[in-house]
Amino acid sequence: MSVPESIFAPVAASTRSPVRLAMQRLWLTGQVMPVGGHLVVQHVFRSGEERPLEVIYSFPLPRDAALRAFRITGDGFEVHSELKQTEEAVKAYEQGIADGSLSALARQYGDGLVNLTVGNVRPAETVTVYLEILAGVESRDDGYRFRFPFTLAPAYHSKMRIAAPDAEGEIELPADEFGDLILPRFRQDASALHEVGFEVSLLNQSPASEIGSPSHSIKVQQNAAGPARVSLAQEKDVPNRDLILDLRYTESKVQVLAGPIGDGKRSFAALIPSTLFGRNTGSPRRIVMLLDRSGSMQGGPITQARKAIGACLATLTEEDWFGLVVFDNKVEAMHPALVPATREQRECARAFLKKVDACGGTELAAGVQQAARVLGGEGDILVITDGQVFGTEKILAEARGTGIRISCLGIGSASQDRFLSLLARETGGVSRFVTAKERVDVSAVDLFAAMGRPVASGLRANGSVQPELPRSVFAGTPVLLYGETESNSGDSVELTWDGGRLALDVPSGDRETGEVVRLLRGSRLITDWEIRYPSEEAVAPLEKRRQGRVAARLFELSKTYGLASREMSLVAVVKREADRPGELPKTLVVPVGMAEDTAFQAYFGAPACKPGMPVLPAAPLGASSLRMDNFLMAASPLQSRAPLTSLKTATYGVPYIKAGNTEKADNADLVDLAAMLEPDGGMPGDNAGVRAGRTIAAMLAFVAAGHTLTTGAFRLHLTRLVGFLKSVSATSEREACMIARAVDAASSGKVPPGRWLALAHEAGTGWKQIDSALK
Amino acid sequence: MTLAEIAESSGLPARTIRFYIAQGLLNGPVKGGRSAAYTAEHVTHLERIKQFQAAGHTLSEIARLLSGPSGEDFGVAPPTAWWQHAIADDVIVWVRADGNPWRTKQLRTAVDEFARRVQPARDPKEKESEAR
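What counts, and where the lines are drawn
Residues numbered from 1 in each chain as written. Chains lettered and ligands numbered in written order. Predicted model: local features only at pLDDT ≥ 70, side-chain atom pairs only at ≥ 80, totals over all residues. Heavy atoms only, no water. Helix = DSSP H or I, 4+ residues; strand = E, 2+ residues; numbered from the N terminus. Buried < 20%, exposed > 50% of the residue type's maximum accessible area, 1.4 Å probe, protein only. Contact = heavy atoms within 4.5 Å. Areas by Shrake-Rupley, 256 points an atom, 1.4 Å probe, with all protein chains shown as cover. Expected span 1.5 Å × (residues − 1). Pairing = 2+ DSSP bridges. Axes fitted to C-alpha atoms, helices over the stretch in contact; angles between N-to-C directions. Polar contact = N/O pair within 3.5 Å; in protein donor to acceptor, adjacent residues only side chain to side chain. Parallel < 35°, antiparallel > 145°, perpendicular 65-115°, else oblique. Left-handed = near helix turned anticlockwise from the far one by under 90°. Salt bridge = Lys/Arg side-chain N within 4 Å of Asp/Glu carboxyl O. Right-handed = clockwise from strand over helix to strand, strands pointing away.

Peer 1: Where do I start with the overall build of chain A in this structure?
Peer 2: Per the secondary structure count, chain A includes 17 helices and 39 strands. For chain A, the residues scored as buried account for 59% of the 775 residues in total. By sequence separation, contacts in chain A at least 24 residues apart represent 75% of the contacts at least 6 residues apart. About 29,500 Å² of surface is accessible on chain A, with carbon and sulfur atoms providing 51% of the total.

Peer 1: In this structure, what is going on with helix 14 (residues 715-727) of chain A? I would like to understand it.
Peer 2: Because an α-helix completes one turn every 3.6 residues, residues spaced three or four positions apart along the sequence face the same direction. For helix 14 of chain A, which comprises 13 residues, the first-to-last C-alpha distance of 19 Å matches the rise-based estimate of 18 Å (1.5 Å per residue) to within 8%. Regarding helix 14 of chain A, the residues found buried are Arg-715, Leu-716, His-717, Leu-718, Arg-720, Leu-721, Val-722, Phe-724 and Leu-725 of chain A.

Peer 1: What exactly am I supposed to notice about the sheet that holds strand 3 (residues 53-60) of chain A here?
Peer 2: By definition, the strands of a sheet pair up through backbone hydrogen bonds, in either a parallel or an antiparallel sense. With respect to topology, six strands assemble into an open sheet ordered 6-36-7-8-3-37 (chain A), the strand pairing being mixed. In the strand order of this sheet, the two ends are held by strand 6 (82-85) and strand 37 (586-589) of chain A, each with one partner. Averaged over all pairs of adjacent strands, the angle between strand axes in this sheet comes to 20°, irrespective of strand direction. Pairing analysis gives six bridges linking strand 7 (residues 102-108) of chain A to strand 8 (residues 113-121) of chain A, with the strands arranged antiparallel. Paired with Ala-106 of chain A across the strands is Leu-116 of chain A, a residue of strand 8 of chain A. Against the sheet, helix 1 (residues 86-98) of chain A touches strand 3, strand 6, strand 7, strand 8 and strand 36 (568-574) of chain A, its axis set at about 155° to strand 7 of chain A. The strands that helix 2 (residues 14-23) of chain B touches are strand 3, strand 8 and strand 37 of chain A; relative to strand 37 of chain A, the one it contacts most, it runs at about 90°.

Peer 1: Looking at this structure, how should I read the side chain of Thr-477 of chain A?
Peer 2: Residue and element names in this part refer to chain A. Topologically, Thr-477 is positioned in the loop between strand 32 (472-473) and strand 33 (479-486). Judged by its relative accessible area of 17%, Thr-477 is buried. One polar contact links Thr-477 to Arg-432, side chain to side chain, over a distance of 3.2 Å. Aside from chain neighbours lying at most four places away, what touches Thr-477 is Ser-139, Asp-141, Ser-274, Val-430 and Arg-432.

Peer 1: Would you mind going over unusual backbone geometry with me for this structure?
Peer 2: One can expect most non-glycine residues to show negative phi and most peptide bonds to be in trans. Residue and element names in this part refer to chain A. Residue Pro-467 follows Gln-466 across a cis peptide bond; omega there is 0°. Counting through the fold element by element, Pro-467 comes out in the loop between strand 31 (464-465) and strand 32. Within the chain, Ala-124 stands out as a residue other than glycine whose phi angle is a positive 65°. For Ala-124, the position within the fold is in the loop between strand 8 and strand 9 (126-135). One non-glycine residue, Ala-578, adopts positive backbone phi at about 70°. Residue position: Ala-578 is located in the loop between strand 36 and strand 37.

Peer 1: What's the story with the sheet that holds strand 19 (residues 243-249) of chain A in this structure? I'm lost.
Peer 2: Residue and element names in this part refer to chain A. Read from one edge of the open sheet, four strands run 10-11-19-16, paired in antiparallel fashion. Each end of this open sheet is capped by a strand with a single partner; those strands are strand 10 (138-140) and strand 16 (208-212). Going from strand to strand, the sheet's axes swing by 15° on average, the running direction of each strand aside. Bridging between strand 16 and strand 19 involves four bridges; their strand directions are antiparallel. Paired with Gly-212 across the two strands is Asp-246, which belongs to strand 19.

Peer 1: What is the right way to read the packing of helix 13 (residues 688-704) of chain A against helix 15 (residues 733-748) of chain A from this model?
Peer 2: Axis angle and axis distance: for two packed helices, these are the angle between their axes and the distance between the axes, and together they describe the pair. Residues and elements named next belong to chain A. Following both chains from N to C, one finds helix 13 and helix 15 inclined at 25°, their axes separated by 9 Å at the closest point. Classified by the angle between their axes, helix 13 and helix 15 sit roughly parallel to one another. The handedness of the crossing between helix 13 and helix 15 is left-handed. Note on element contacts: helix 15 touches helix 13 through Met-738, Ile-739, Ala-742, Val-743, Ala-745 and Ala-746, opposite Ile-696, Met-699, Leu-700 and Val-703.

Peer 1: Is there a simple way to think about the pattern of salt bridges in this case?
Peer 2: For side chains bearing opposite charge, pairing can occur when the charged atoms are close. Residues and elements named next belong to chain A. In this structure the tally under the stated criterion is 54 salt bridges over all chains. A salt bridge links Asp-417 to Arg-63; the nearest nitrogen and oxygen atoms lie 2.9 Å apart. With Asp-417 in helix 7 (residues 417-427) and Arg-63 in the loop between strand 3 and strand 4 (66-74), this residue pair connects regions lying 354 residues apart in the sequence. Its relative accessible area of 4% is what places Asp-417 among the buried residues. The shortest N-O distance in the salt bridge between Arg-145 and Asp-246 comes to 2.7 Å. With Arg-145 in strand 11 (residues 143-148) and Asp-246 in strand 19, this residue pair connects regions lying 101 residues apart in the sequence.

Peer 1: I keep staring at the pairing of strand 23 (residues 321-327) of chain A and nothing clicks. Help me out?
Peer 2: Within a regular strand, the side chains alternate between the two sheet faces. Residues and elements named next belong to chain A. Within strand 23, six of the seven residues are buried, leaving the element largely enclosed by the surrounding structure. The pairing of strand 22 (residues 286-292) with strand 23 spans seven bridges and is parallel. In the strand pairing of strand 23, Arg-286 is matched with Trp-321. Crossover connection from strand 22 via helix 3 (residues 300-313) to parallel strand 23: handedness right-handed. As paired elements, strand 23 and strand 25 (residues 339-340) share two bridges and run antiparallel to each other. For Trp-321, the partnering residue across the bridge sits in strand 25 and is Pro-340.

Encoded structure:
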């Protein structure tokens, strides 16, 4: 793709003076399939310096992603990268820099963070790097969500150093864990940063019924036969959030992508919807809900999460057991052990949640440990978090160690998608990631409905299938199967599970599909091994040996699939005439925008102040044991020459309202309605008639909003409402008829018109009101 | 010393050293081009940067500290606002007010703990009368 230089003329919003950017453009292209994407990211670097420039761009990998190669182009040259052992790649890069040659290095670090470094860009020169990436998608029975990071979210690490010089956020991570990784500075206002955009093709076997994006305005072009092409609707955008694309199929069915890969072999990937495995059982559940109340959850996310937990608890019966744990720097449990889901305990949970406010860090590992203690044995944990933490490998190792299934609901506009999908997968759970602009509470209810009761267990497949199959299948999430077959060994793979079997036909496919599927499998395997890497600080001999084993396996996988990992990096050196050895380039780090739904103050405190400027303190101390009567602000006692700059009091935390938080009243009402269910599954009421009437109205309200017994986020609530209604003794034929109509509506999805939501909320709704509304 | 040699002796990658130079934490080489050279002073300077980092300072803070009049007044931020906590008649604790929320919370916990520890010992007779 050619890039006209004339369009690059960014100016500072405040001064309108030209801004010199080391990186001007980041543009995503490529193809996305139901099992993953084959992407090319264009980075345009241009030097405005008077001496050679070295630019460092940092980005997080999407879920199940790996770098394959890059191509570096400029005036009169085009060079392709080589995959080398990381130490050798760094040496080659440094030698190139010392020789005065244009050099580029793409190196991966912990947490899937990548530094793309391009050095010796000459004054006024434009250099473009096309980086090829394989990435996974979030698969659902009815479609998929593709997510690509256009920015890097700040996150929490207990050992990080953090500051906000020049109104920009700065985070440095411990070198013993992250080596020489350089993170970007975080800008509150991303408008003067490099432009971003995309144009991708969506390839599906099942026709798409809907393509949308909760993150960007998109333009969709689709021919009858070809793939859908999705691009940014406007000319360009700013780097302050992930790109998210959603695709829904017209029909949920098995999809198998395959193609030859040489040596008489075929590579395949199969997606099997959970609906083909059957339905889950109604066995009692043991669930702990773990809520992140760190500062980055301020505003909409924490409010919606609180409501979501209330609605989730309403789906539990008195035979179910639950626990509630919240965490930031500290962990608090509602009760040290599980409690039965009685009306009293649900009230306790509601009171406990009322006191939860967002502040502090994200000690997720401690939260998981406490949740495991509360669970005290088998069961499930549901984590609701933005997942904005660094050092995720340690958390994943600890979570695996608990042996407990963890499902994750991630919230945020900038991605920790990779980490949360891994946390769920490594422990046998499922994950969803939504933006704060979407209904967090509805997604939580949807995820909760699938938890604790798998639709199938004991999955096995014949042939060469790798990575391992998941232990269990949950409603709503399909099984993804990667494998290879001998071309002459038949066209079928058999999948079996406890109580069922399925034969999958593997089509011949084409070479291109076969190769992409092989690479996606490789990137998934590399991701699975990357997280087993013990951190550098682990010095025990046992850990060192384990590190050696993981490094050897990663090296082997990188070689086999031709993909980068922490053990192998991509490097290119462009030798040109007039290279000037020994000249020291000026190093610049490309800044990124704060994620649009994350308050700058949540990480970096008040903006740095200049002498004489007023200060807005982030937090007055309120520790109960402190004597606050003598509470004032003054100059530093350590630096007597410092002037008194302000005298203020303030409440903790800056209220943060999400921009563009689109709240759909109907969904909010349904969440409130869902939270009203009594432990026996019915709606509350003063007498049996009112309870039955309001229960029918509630059922019809859910059905009218598109939910049934098998589909929609509130399917479990409907199941419980139906269960209650079936237990009601009708005293007349008319009452029995009303019950039958409501139960039928819950199955068929067809509902008569009416004010069902209002009737469900009204305390006086009984048989008579329902009868009248149904006529 | 070349860049590769100073990287070797300091244990810091060459890219990091270039980054420090660009950030103003470290002077550039004493000569330019092929004969660019780094001295023992550079090595000493890099050691100081490491020490500052170990003490919890960010690079921008270190740059400011190193460019200060003496280069020694680390641990002190530029003129800004502070909270004063008189936690006992003989103890006052000062905490910088515009830190990031996590740090503020961490300090709050520490001050709280400190406040408990430094509560003046109570007269045993007073305790006895209270018990009665």
